[in-house]
Amino acid sequence: MKTDFSTIRKTVATTSQIFPKNQTQKLEAAFKELQQKFSKIPEIGKFKAIKVTLENPIAGSIVKKAAIVVEPLADKNDFRTRVLTFIAQSPFDKDTTYTLSPANGNKFSIDSALRNPKIKTLFKNFIKSAEQTFEIQNYTNLL
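Residues numbered from 1 in each chain as written. Predicted model: local features only at pLDDT ≥ 70, side-chain atom pairs only at ≥ 80, totals over all residues. Heavy atoms only, no water.

Outline the packing of aromatic side chains, listing residues and values.
Inspection of every chain in the model, using the stated rule, returns 7 aromatic pairs. When the centroid spacing of 5.7 Å and the interplanar angle of 45° are considered together, the rings of F86 and F126 count as tilted. Pair noted here: F86 is in strand 3 (residues 82-89) and F126 is in helix 4 (residues 117-142), with a separation of 40 residues, a long-range link. A single burial state applies to F86 and to F126, both of which are buried. Between the aromatic rings of F123 and F126, the centroid separation amounts to 6.1 Å while the plane-to-plane angle is 40°, which identifies the pairing as tilted. Of the two residues, F123 and F126 both sit in helix 4, 3 residues apart, roughly one turn of that helix. Note on accessibility: F123 and F126 belong to one class, buried. Aromatic ring contacts, followed pair by pair, group F31, F86, Y98, F123, F126 and F134 into a single cluster. One cation-aromatic arrangement involves K107 over F38; the distance from NZ or CZ to the ring centre is 4.5 Å. (Phe/Tyr/Trp six-rings, centres within 6.5 Å; stacked < 30°, edge-to-face > 60°. Helix = DSSP H or I, 4+ residues; strand = E, 2+ residues; numbered from the N terminus. Buried < 20%, exposed > 50% of the residue type's maximum accessible area, 1.4 Å probe, protein only. Lys NZ or Arg CZ within 6 Å of the ring centre and 35° of its normal.)

What follows is the structure, given as structure tokens:
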């Protein structure tokens, strides 16, 4: 009797479907990606800024590009403090950005901030605020 791998292994049928991500799923995926990248950073020490970019962060918004960044503190002697920053790019001028830093602290405080569901709501409110700021800025530039 001849035995090969096809008779021994289990046969499993898998199916996969690709669904378009809605805005909430994009935001969840962005925070999850940032959290995974940030988990590889040591508690103490230098590191390069971790940036996750979002295209069209909120449906119907004029803000088309935003980012969530975790970076070291600007103080060169502080190797523990990290800063979580939201950045929105103006749709009218690519060099203009609107930023907010909702959290800073050691690795554990930033990690808990990224896990907090309220930070996602804060990001949505940040995008709406950035949108209003960019519209006002564009209106005043037209005058």
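A description of the pairing of strand 2 (residues 65-72) should follow, citing residues and the corresponding values.
In this structure, strand 1 (residues 50-55) lies alongside strand 2, joined through 6 bridges in antiparallel fashion. Considered in strand 2, the bridge of T53 is made with A67. Relative to strand 3, strand 2 is paired through 8 bridges, and the arrangement is antiparallel. Note that in strand 3 the partner of A67 across the bridge is I87. (Pairing = 2+ DSSP bridges.)

How would you explain the nonpolar core if you had to name every residue and give the values?
Grouped together as the largest cluster of nonpolar side chains are 28 residues, with contacts concentrated most on F31, L34, I68, L84, F86, F123 and I127. For this core, the secondary structure elements donating two or more residues are helix 2 (23-39), strand 1, strand 2, strand 3, helix 3 (107-115) and helix 4. At 6 residues, helix 4 tops the list of elements feeding residues into this core. Sequence-distant contacts of I68, that is, excluding residues within four places in its chain, are made with A30, F31, L34, I50, K51, V52, L54, L84, T85, F86 and F123. (Core = buried A, V, L, I, M, F, W, Y, C linked by side-chain atoms within 4.5 Å. Contact = heavy atoms within 4.5 Å.)

Go over the sheet that holds strand 4 (residues 97-105) with me, naming the residues and quoting the values.
Here 4 strands make up an open sheet; going across it, the order is 1-2-3-4 and the pairing antiparallel. Of all the strands in the sheet, the pair left with one neighbour each is strand 1 and strand 4. Direction aside, neighbouring strands of the sheet carry axes that sit 15° apart on average. The strands touched by helix 3 within the sheet are strand 2, strand 3 and strand 4, with strand 4 carrying the most contacts at an inclination of about 120°. (Axes fitted to C-alpha atoms, helices over the stretch in contact; angles between N-to-C directions.)

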